[in-house]
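Chain by chain, the residues run as shown.
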Amino acid sequence: MALCCRFQTPTSDDEEARKYTKVFVDTKKILLLGTGESGKTTIIKQMKILHINGFSDEDRKARIPNIKQNIHESIFDILYNMDKIDPPVQPRRGDTRISIDFILNLGPKEPSEYNEEYFNHVKAAWQDEGVKETFQRSNEYQLIDSAEQIDAIKQPDYIPDTQDILFCRIETKSISKIEFEVPLSKFEGSSAKFWMYDVGGQRGHRKRWIQAFDGIQAILFLISASDFDQKLREDPTKNRLQEAFDLFKDIHRTKFVREAGLIVFLNKQDLLQRKIQEQHRKVETYFPEYANYIPSKKDEWDGSDEYQRAKLFMRHKILSIASMPVKIENVGFVPGYNINEELSPRDVHVHFTIATDTNNIKRVFESVREIILTHITGKVFSL
């Protein structure tokens, strides 16, 4: 009896699947996490600037409606909240009320036309000292960072520059990905491939995060350091910075990313510095334990720079969370006994960042790349 062996010829789909699997395994995958408005999407934009080709003319033109909407929304929110904050603020000049009413009657969505009448009313409102005071008290309500860009969009041939795009805010409602390569100078001709994922940070979007955990080698967790005096957009009873700390604690404990490197960006350092040094905001008003916080000697704090003390305090909070052992219950079960496991504290790398500053992110990411590659391979690469 003859034996017949039949071999199935691989299909093009099989070949594509194998190629994709190899690419997936070889690629270093970074997941951006953090609360809403912490700067995750800005980091994605910076990767495009630093490692791809930046923004094309088409990209810039496509952002114009979003930038205009951001600016109008900011101006509307300032005027809307003048009599909502406590104590309320009144316009200093009587004729300002006409301009305020004009803008409020347009609603929060951008007007159908940006005409001279619109710009004149905005200019008149912005010159009022009461409006400026309300802007300075923006920690008492929700405001995105776009109000001062109004002059940019007034030009009929306006094309956003790179900084305009970096400041443009569009709420992330789904998982997005950017792919880029980083050359490894120590090995001529070689490079490391990275995939970076961005997911929405608002509370309603976090249930999707688990979809992006598969195969992740590094978590890049962003915290808006300047949010220490602000309330959460989704929950006006919760401090924004405390929400970020609580969320970081949850990520630190989750079993899905125990093997991933953990990197924290304490972001918006420029705004934090401005609030403390220029606006004299007090961290202890919102975090009472700050009143007794003294940086350690190794932090090289000179005892006079309050901004430096504030950012070291926030780093201390992160490292304290990371130093806590993680207890995992019900790892296994023997009749009559629960088998529990206590995991040792994990390393966390903390960086102070300004996501809208390309040079700052370039320097920081050079360090982050080495951390990720060393974490994955156990080797040190020269980048």
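Residues numbered from 1 in each chain as written. Predicted model: local features only at pLDDT ≥ 70, side-chain atom pairs only at ≥ 80, totals over all residues. Heavy atoms only, no water.

*Asks:* Describe helix 6 (residues 116-126), and please don't skip the residues or the numbers.
*Replies:* Side chains of residues three or four places apart in an α-helix project in the same direction, reflecting 3.6 residues per turn. Along helix 6, the residues classified as buried are Tyr 118, Phe 119, His 121, Val 122 and Ala 125. The arc enclosing the buried residues of helix 6, seen along the axis, measures out at 160°, which places them on a common side. Close packing links the buried residues of helix 6 with helix 4 (64-80), helix 5 (96-106) and helix 7 (129-136). (Buried < 20%, exposed > 50% of the residue type's maximum accessible area, 1.4 Å probe, protein only. Helix = DSSP H or I, 4+ residues; strand = E, 2+ residues; numbered from the N terminus. Arc of directions from axis to C-beta. Contact = heavy atoms within 4.5 Å.)

*Asks:* How would you explain the pattern of salt bridges if you had to name every residue and give the values?
*Replies:* Scanning the entire structure with this criterion turns up 21 salt bridges. The salt bridge partner of Glu 37 is Arg 169, with a shortest N-O separation of 3.7 Å. One end of the pair, Glu 37, is in the loop between strand 1 (28-34) and helix 2 (40-51); the other, Arg 169, is in the loop between helix 8 (162-167) and strand 2 (176-183), and 132 residues separate them in sequence. What makes Glu 37 buried here is its relative accessible area of 15%. A salt bridge links Lys 132 to Glu 129; the nearest nitrogen and oxygen atoms lie 3.8 Å apart. With Lys 132 and Glu 129 both in helix 7 and 3 residues apart, the pair spans about one turn of that helix. Accessibility expressed as a relative area gives 47% for Glu 129, which makes it partly exposed. Shared partners join several salt bridges into a network, and the residues in it are Glu 37, Arg 169, Asp 227, Arg 233 and Arg 240. (Salt bridge = Lys/Arg side-chain N within 4 Å of Asp/Glu carboxyl O.)

*Asks:* Now, about the UniProt feature "binding site: Mg(2+)" (unreviewed entry) in the chain: what can you tell me, with residues and values included?
*Replies:* Here the UniProt-annotated "binding site: Mg(2+)" (unreviewed entry) positions come out as Thr 41 and Thr 172. In terms of the greatest pairwise C-alpha distance, the residues named above, spread along 132 residues, form a tight cluster of at most 7.6 Å across. For Thr 41, the position within the fold is in helix 2. Ignoring sequence-local partners within four residues, the contact set of Thr 41 consists of Thr 172 and Asp 198. Mapped onto the elements, Thr 172 comes out in the loop between helix 8 and strand 2. (UniProt positions renumbered as here; feature names shortened; annotations may be inferred.)

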